[in-house]
Amino acid sequence: MAKKKTEKTDICVIGAGYVGLVSGACLAEIGHRVVCVDSDPRKIAMLEKGVMPIYEEGLESLVKRNVKAGRLFFSGSISEGMHHDGHRAAAVFIAVGTPPRPDGSADLSAIEKVAEEIAHSMSGYTVIVEKSTVPVETCEWINKTVLRHNKKNIPFDVASNPEFLREGTAVGDFLKPDRVVLGCPSPQCEAVMRGIYRPMKGATVLVTDVKSAELIKHASNSFLAAKISFINAVANVCEKTGADVEMVAKGMGLDKRIGMSFLKAGIGFGGFCFPKDLEAFYWLSQRKGYDFELLKAVKNINEDAKMWLVKKVQEELWNLEGKTVALLGLAFKPETDDMRFAPSIDIIAELTKLGAKVRAYDPISQENAKKAIKGIYFAKDEYDCLAGADCACLVTEWARFAKLDMKKVMSLLKHPIFIDGRNLYRPEKMRELGFTYRSVGRQ
Ligand SMILES: NC(=O)c1ccc[n+]([C@@H]2O[C@H](COP(=O)([O-])OP(=O)(O)OC[C@H]3O[C@@H](n4cnc5c(N)ncnc54)[C@H](O)[C@@H]3O)[C@@H](O)[C@H]2O)c1
């Protein structure tokens, strides 16, 4: 039985992005002393001035409160972060990016680089915590890398502690998790990890072996992605048969074994998690000799779901050369500024390839979108976006788009055509207003 540990822990979190910054601030909030390290000097400079480098509800006040309380610090150096102001980090969380390589595998070079630096900086027993989403067996590689560079033979363990937060609700998700998964290789490591999460009263803690913890993350994200693709495939059948996917999803979701969440038909998933984690899980399974065909189908259905919007635009406008399409929303989901793998990127590429001019507006992700998408008009607001367009398309279901003045929308559009990629509006209402209205899996 692992020994209990209740005192606050000195923690260093490497990577101050969506996961690292939220995790660091939340770990400070529950009482630990945390130093967030990032190799991007611009991010550290912003954080030191109290400016958030990302948009995440509730993050700014959380960060400021913990900085003021002397529990949260920032640094551009791993060795300094691990020995900050006389405090030696007992746990070092790795939360750097693990982007996909062209073949679908996860690029783990940032993890290796950080592992090397941690090895050079350790000065006493350290728990190295894999927080980034990584394929199973990455902990083994971190272990080997640290051993290779650990010239002073400092004792250490490598734990897996996958993160399940969702962008948009990240702070709440971290502080009130469904479960905390701790893949621990030794009782000493388990004691440190349990101690870190002990202040989170009521959280279900699942302690596993390291490989199972790593797999839990990839399996969970792939399962959720499969649920989305499943309902999108059902939506296709609904469109072909006259059924209504919202009713079908409700009828399915009322079964407790199925549940309502992730059964919303639409133009597919995106973001920095599902697409790449699905690919990486498929790649790893293949590499281990198992063809996880289900995952391939999930991906293909998602690619089709994104192109649903383009098909509907073509069905309504025929040839797209010289026509103007207005896109409302660009982020991969509401309440985030994250444009990574957003469906809007592929949709815009296809529309412009077909000769359409695109006008787009997103209330929060616009600046990030400008870096990812070129050659389109970025509007000042939703109404500027719609002005003079041949049709309107809803891409991201921001709450403000639910409150559009539809009479104004109608007067701004060249033709009253509205294609709703997220089933945000009521078909009867839209038709009553006089729109030619198309939505996913509904008549
Ligand atoms: N974004 C999510 O919703 C989410 C949720 C759960 C898990 N994850 C996983 O967490 C990991 C991080 O994702 P993210 O969205 O926070 O990425 P991110 O790009 O927002 O953050 C990564 C940060 O690491 C920094 N970094 C890179 N190399 C570094 C180095 N050598 N030293 C110090 N800092 C370095 C980058 O500058 C960046 O700020 C990924 O593996 C991702 O799959 C993400």
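What counts as what
- Within each chain, residues carry numbers counting from 1 in the order of the written sequence.
- Local features in this predicted model are restricted to residues of pLDDT 70 or higher, and side-chain atom pairs are both shown and tallied only at a pLDDT of 80 or more, whereas totals for entire chains, interfaces and linings draw on every residue.
- Only DSSP runs of H or I reaching four residues or more are called helices, and only runs of E reaching two or more are called strands; each is numbered from the N terminus.
- Neighbour density around each residue's C-beta defines its exposure: 20 or more other C-beta atoms within 10 Å make it buried, 12 or fewer make it exposed, and counts between make it partly exposed, where C-beta atoms are placed from the backbone.
- Contact between two residues is assigned whenever their backbone-derived C-beta positions fall within 7 Å.
- Domain extents, as shown, originate in an automatic or database domain assignment.
- Each residue gets one of three labels, nonpolar for Ala, Val, Leu, Ile, Met, Phe, Trp, Tyr, Cys and Pro, charged for Asp, Glu, Lys and Arg, and polar for the others, Gly among them.
- The term nonpolar core refers to a group of buried residues, namely Ala, Val, Leu, Ile, Met, Phe, Trp, Tyr and Cys, whose C-beta atoms join them within 7 Å.
- The criterion for a residue being near a molecule or strand is a backbone-placed C-beta atom within 6 Å of that molecule or strand.
- Pairing between strands is defined by DSSP: at least two bridges between them are needed.
- For the handedness criterion, the strands are oriented away from the viewer, and a crossover whose path from the first strand over the helix to the second runs clockwise is classed as right-handed.
- In this description, the arc belongs to the directions extending from the helix axis to the C-beta atoms.

## Observations regarding the overall build of the protein chain
Check the secondary structure of the protein chain and you find 18 helices and 16 strands. The principal-axis extent of the C-alpha atoms belonging to the protein chain is close to 70 × 50 × 40 Å. Burial analysis of the protein chain (443 residues in total) assigns 48% to the buried set. Of all intrachain contacts in the protein chain linking residues separated by at least 6 positions in sequence, the fraction that spans at least 24 positions is 72%.

## Focus: the domain arrangement of the protein chain
How big an interface is tends to be stated in terms of the accessible area lost upon association of its parts. With domains assigned, the protein chain is organised as domain 1 (10-208) and domain 2 (220-439). Placing the centre of domain 1 and that of domain 2 at their C-alpha centroids yields a distance of 33 Å. Taken residue by residue, the interface counts 16 residues in domain 1 and 17 residues in domain 2. Grouping the constituent residues of the side of domain 1 that touches domain 2 by class yields nine nonpolar, four polar and three charged.

## Some thoughts on the nonpolar core
I14, A392 and C393 are the most contacted members of the largest nonpolar core, which totals 131 residues. Counting residues per element, this core draws most heavily on helix α9 (residues 210-241), at nine residues. Taken together, domain 1 (10-208) and domain 2 (220-439) each give at least three residues to this core, which thus spans both. Once residues lying within four places of it in the same chain are set aside, the contact partners of A392 are A326, L328, L386, V409, L413, I417 and F418.

## Side note on the site of the ligand
Around the ligand there are 26 residues in total, and G15, G17, V19, S132 and T133 lie nearest to it. Within the residue set of the shell around the ligand, elements represented by two or more residues are α1 (18-29) and α5 (109-121). Its residues assigned to classes, the shell around the ligand comprises twelve nonpolar, eight polar and six charged.

## A closer look at the environment of W398
Mapped onto the elements, W398 comes out in the loop between β14 (391-394) and α16 (399-402). Given 24 C-beta atoms within 10 Å, W398 falls into the buried group. Sequence separation of W398 and P363 is 35 residues, and the distance between their C-alpha atoms is 8.2 Å. What W398 contacts, discounting residues up to four positions off in sequence, is G329, P334 and P363.

## Section: the environment of I376
Inspection of the secondary structure puts I376 in the loop between α14 (366-372) and β13 (377-378). Linking I376 and P187, residues 189 residues apart in sequence, is a C-alpha distance of 56 Å. In contact with I376, other than residues within four places in its own chain, are I348, V358, R359 and A360.

## Notes on the pairing of strand β7 (residues 126-130)
Across the five residues of β7, five count as buried, placing the element largely inside the fold. Alignment of strand β6 (residues 91-94) against β7, held across four bridges, turns out to be parallel. By the bridge assignment, V92 is partnered in β7 with I128. One crossover worth recording links β6 to the parallel β7 by way of α5, and it is right-handed. Note on the crossover from β7 through helix α6 (residues 138-149) to strand β8 (residues 156-160): the handedness is right-handed.

## Observations regarding unusual backbone geometry
With glycine set apart, most residues show a phi of negative sign, and most peptide bonds adopt trans. At W318, a residue that is not glycine, the phi angle is positive and equals roughly 65°. Despite not being glycine, E335 shows a phi value in the positive range, around 65°. With respect to the helices and strands, the residue E335 is situated in the loop between β11 (324-328) and α13 (343-353).

## Observations regarding the environment of A213
Relative to the helices and strands, A213 is located in helix α9. Distance in space between the C-alpha atoms of A213 and T138 is 11 Å, their sequence separation being 75 residues. Residues contacting A213, with those up to four places away along its chain left out, are S160, P162, V181, L182, G183 and T208.

## Some remarks on the sheet that holds strand β16 (residues 436-439)
The six strands are arranged β13-β12-β11-β14-β15-β16 in an open sheet whose pairing can be described as parallel. Edge positions in the open sheet fall to β13 and β16, since each of these has one partner strand only. Sheet topology note: the β11/strand β12 (residues 357-361) ladder contains five bridges and is parallel. Its bridge partner lying in β12, V325 is registered against V358.

## Quick notes on the pairing of β12
The element β12 is extensively covered by neighbouring structure, given that four of its five residues are classed as buried. With α13 bridging β11 and its parallel neighbour β12, the resulting β-α-β unit is right-handed. Note: β12 against β13, two bridges, orientation parallel. Paired with A360 across the strands is F378, a residue of β13. Handedness of the crossover joining β12 and β13 through α14: right-handed.

## With respect to helix α3 (residues 59-68)
Taken together, the buried positions of α3 are L62, V63 and N66. Around the axis of α3, the buried residues are gathered within 95° of arc, so they sit on the same side. More than 90 degrees from the buried face of α3, the exposed residues found are S61 and K68. Contact partners of the buried residues in α3: α1, β3 (72-75) and α7 (170-175). Immediately beyond the C-terminal end of α3, within one or two residues, lies G70, with a positive phi of roughly 75°.

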